Amino acid sequence: MSKPVPRPGILDIAAYVPGKEHAPGVARVYKLSSNETPLGASPKAIEAFKAAADNLGRYPDGQAIELREAIAAVHGLNPANILCGNGSDELLGLLCHVYLGAGDEGIITEHGFLVYKIQILGAGATPVVVREKNHTVDVDAILAAVTERTKIVFIANPGNPTGTYVPVSEIRRLQAGLPKHVVLVLDAAYAEYVRRNDYEAGIEVVSSNANVVMTRTFSKAYGLAALRVGWMYAPADIVDAVNRVRAPFNLNAAAIAAGAAAIRDQAFVQQAVSFNQMWVETLTEALEAIGLKVTPSVANFVLIHFPDIDGKRAPDADEFLMSRGYILRAMRGYGFANALRLSVGPEEANRGVIAALGEFMGRRA
């Protein structure tokens, strides 16, 4: 060999591509491609972030005790069962690193978060993709795909990019049907936004089982996407195993301080959730009124499906919107070639997208 060569399978992985940020030639751009909150971070979190600058010469707390205790206090959990990460993405990768190897299989759903497949392949295992039903996770399809090689199952609940969710009764049925050695990962990145009586992010299921993990993020409702703060709630044995391979200072001091302040400021979070709920409903109604199909969403985005007509498909709409400064997320990589995902943005952007798509469809919004 004339140069270092990655182990087999690494170069077959399609790298994750974030949402676009720029629209060349447009004076004012609204980035609505990454599900960021339009309200930003809590003023208390920003204040804590700034205060962290006074101690840049010191290593952060490797156990993130302040953040774990704040999370535990808000959710009524034992801090010992909480592990924090550099975004929930890091934790998803660590779970694959710990529980998967060559010859193992990890189950994902056809429209699930792309990072699941990347991390399964990165661990040398095989991703098994199962179909969804009406853009929603299908428990029966997952159980039918389980083999003796299955070691982990990833569920995004709510789903991204669909915005659909699985009731807690179905999550319990899924856990009961899985072999006890299979890790069930409930990725609840958008849990704060859900207002459904039959939904539960995963705390109850984790608390009563030895093979379930719930992951959460501060990048959405808490507005700390720039700091990369995530956490997981898991049985003690799983926390112990992941801790053994976690980088010793994986969360920086500013992220720990801002995260702790953000989760304590639940009044600010509720303000963000209320704003989001109003606009998800408004956007859905307005887009359907101009002839577009929208998958019902409980998250902070809507999945918009376009007509299969020349000049009116998703790529045409994407180009049209970009020319006016509205950046949405193309969904071909998620199995929706004729759809765009629209993140809830500030009021000006939301109304602008409605008007622009009305013009694109030849109708008044």
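These numbers were taken from a predicted model, which means no experiment stands behind them. (Residues numbered from 1 in each chain as written. Predicted model: local features only at pLDDT ≥ 70, side-chain atom pairs only at ≥ 80, totals over all residues. Heavy atoms only, no water.)

## Observations regarding the state of the cysteines
Among covalent bonds in proteins, the disulfide is the one between the sulfur atoms of two cysteines.
Next up, step 1: If you walk through the whole model with that rule in mind, you get zero disulfides.
Next up, step 2: Of the cysteine sulfurs around Cys84, a residue in no disulfide, the closest is that of Cys96, at 19 Å. (Disulfide = S-S within 2.5 Å.)

## A look at the nonpolar core
Next up, step 1: Counting residues in hydrophobic clusters, the biggest one holds 61 residues, and the most contacted among them are Leu67, Ile155, Phe218 and Trp231.
Next up, step 2: When residues of this core are assigned to their parent elements, the largest contribution, six residues, is made by helix H9 (residues 253-264).
Next up, step 3: Both domains that furnish three or more residues to this core are identified here as domain 1 (21-40 + 267-361) and domain 2 (43-265).
Next up, step 4: Filtering out sequence-adjacent residues up to four positions away, Trp231 remains in contact with Ile71, His75, Leu77, Ile82, Leu83, Cys84, Leu91, Met214, Thr215, Arg216 and Phe218. (Core = buried A, V, L, I, M, F, W, Y, C linked by side-chain atoms within 4.5 Å. Buried < 20%, exposed > 50% of the residue type's maximum accessible area, 1.4 Å probe, protein only. Helix = DSSP H or I, 4+ residues; strand = E, 2+ residues; numbered from the N terminus. Domains from an automatic or database assignment. Contact = heavy atoms within 4.5 Å.)

## Side note on the pattern of salt bridges
Next up, step 1: Applying the stated criterion across every chain, the model contains 15 salt bridges.
Next up, step 2: Ionic pairing is found between Arg313 and Asp310, a salt bridge with its closest N-O pair at 2.7 Å.
Next up, step 3: Relative accessible area serves as the criterion here: at 66%, Asp310 is assigned to the exposed category. (Salt bridge = Lys/Arg side-chain N within 4 Å of Asp/Glu carboxyl O.)

## Some thoughts on the sheet that holds strand E9 (residues 293-295)
Next up, step 1: Pairing within the open sheet is antiparallel, and its four strands lie in the order E9-E10-E13-E12. The strands lining the two open edges of the sheet, one partner per strand, are E9 and strand E12 (329-330).
Next up, step 2: Two elements, strand E10 (residues 301-305) and strand E13 (residues 339-343), share five bridges in a ladder whose sense is antiparallel. Paired with His305 across the two strands is Ala339, which belongs to E13.
Next up, step 3: Strand contacts of helix H10 (residues 266-289): E9, E10 and E13, with the helix running at about 10° to E10, the strand carrying the most contacts.
Next up, step 4: Each of E12 and E13 touches helix H11 (residues 314-323); the most contacted strand, E13, lies at about 40° to it. (Pairing = 2+ DSSP bridges. Axes fitted to C-alpha atoms, helices over the stretch in contact; angles between N-to-C directions.)

## Here's the deal with the UniProt feature "modified residue: N6-(pyridoxal phosphate)lysine" (unreviewed entry) in the chain
Next up, step 1: Sequence positions flagged by UniProt for "modified residue: N6-(pyridoxal phosphate)lysine" (unreviewed entry) are, in local numbering, Lys220.
Next up, step 2: As for its position among the elements, Lys220 is in the loop between strand E7 (212-217) and strand E8 (230-233).
Next up, step 3: Among all residues touching Lys220, those that are not within four sequence positions of it are Ser34, Asn35, Thr37, Ala189, Tyr190 and Tyr193. (UniProt positions renumbered as here; feature names shortened; annotations may be inferred.)

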